[in-house]
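Coordinate inspection notes
In case you want the letters, here they are:
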Amino acid sequence: DFFFPAEQGPVMQKLAKDPMAPLELLGEIGVDDILGEGLEPSADGWLCRMCESAVPVVDFQKHFHPHYNEAKTHHRNRDVARTCADSMRKIGWRLRHEGVTISNSRFSCSLCAKSGAWYELFEEGGHLLSKAHKAKIDRIPPQPTPAETEAWAIAFERAEEAIEARKKNADFMSAVAATRKRLQA
């Protein structure tokens, strides 16, 4: 499984453009913002898939407004997640040919007997670009087969469908409404 983040929502786009935006802007947060920041409702509040923390996001201002260190960490994680997702869209089909699998937010390379956090595959100097890994790759086809192209297209469609399904989920929508109301208070 791989986390493909939704597009950034309009409030978060405003915050990204203007780090000095008033904190009250978070009171306008909506479904697209929640999804675009990787939040998932839990019994204790919201969990952030971008930050991969089991600790719920308690204070939206500290987690999202660029003024706070917690938000800076979240933004860095979000940017890494988006970069990795873009890389998966472009070269994900090659992973099988390189002996790499991703499961439970971890990668495993059968060629090198290495494993690590999923994002370590794609970062600068990451596993896919390492000399040790490249030396063990026999041959990678120059382009995906039609079956690989179709399989990856289906994976991306399912990711988009999952995002759209969240928007139609009554419990999710209720959690978003309650959060927005709390932020406006």
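Above this note sits the structure.
In what follows, the accompanying structure is described. The structure presented is a predicted model; accordingly, all values stated were derived computationally and were not measured. (Residues numbered from 1 in each chain as written. Predicted model: local features only at pLDDT ≥ 70, side-chain atom pairs only at ≥ 80, totals over all residues. Heavy atoms only, no water.)

1. Some points on the state of the cysteines
Inclusion rule: Here, two cysteine sulfur atoms that lie within 2.5 Å of each other are counted as a disulfide.
Overall, the coordinates contain 0 disulfides when judged by the stated rule. Not engaged in a disulfide, the cysteine Cys109 finds its nearest cysteine sulfur in Cys112; these two sulfurs lie 3.7 Å apart.

2. Observations concerning the sheet that holds strand E4 (residues 106-109)
Note the cut-off: Two strands are said to pair when DSSP picks up at least two bridges between them. Secondary structure follows DSSP: runs of H or I at least 4 residues long count as helices, runs of E at least 2 residues long count as strands, and numbering of each begins at the N terminus. Here an angle of 0 to 180 degrees is reported between the N-to-C directions of two axes, which are lines fitted to C-alpha atoms, with helices fitted over the stretch in contact.
Spatially, 3 strands are ordered E3-E4-E5 in an open sheet, and the strand pairing comes out antiparallel. Of all the strands in the sheet, the pair left with one neighbour each is strand E3 (100-103) and strand E5 (114-117). Strand-to-strand twist in this sheet, taken as the mean axis angle between neighbours without regard to direction, amounts to 20°. Sheet topology places E4 next to E5; 4 bridges connect them, and they run antiparallel. The residue bridging Phe107 from the neighbouring strand is Gly116, located in E5.

3. Some remarks on helix H1 (residues 10-17)
Since one α-helical turn is 3.6 residues long, residues separated by three or four positions face the same way. Put simply, the rule reads: Exposed residues in this analysis have more than 50% of their type's maximum accessible area, buried residues have under 20%, and partly exposed residues fall in between, with area computed by a 1.4 Å probe over protein chains only. To obtain the arc, one takes the directions from the helix axis to the C-beta atoms. Residues count as neighbours in contact if any of their non-hydrogen atoms are within 4.5 Å of one another.
Listed in full, the buried residues belonging to H1 are Val11, Met12 and Leu15. Along the axis of H1, the buried positions cluster into a sector of 95°, meaning they face one direction only. Exposed residues lying more than 90 degrees from the buried face of H1 are Ala16 and Lys17. Those residues of H1 that are buried are in contact with helix H2 (31-36) and helix H3 (60-64).

4. Thoughts on the pairing of E3
The side chains of a regular strand alternate, residue by residue, between the two faces of the sheet. Covered by surrounding structure in E3 are Val100 and Ile102 only, the residues Thr101 and Ser103 on the alternate face being uncovered. As paired strands, E3 and E4 are joined by 4 bridges and run antiparallel to one another. Each bridged residue has a counterpart across the sheet, and for Ser103 the counterpart in E4 is Arg106. Joining the antiparallel neighbours E3 and E4 is a turn of 2 residues, in which Asn104 adopts a positive phi near 50°.

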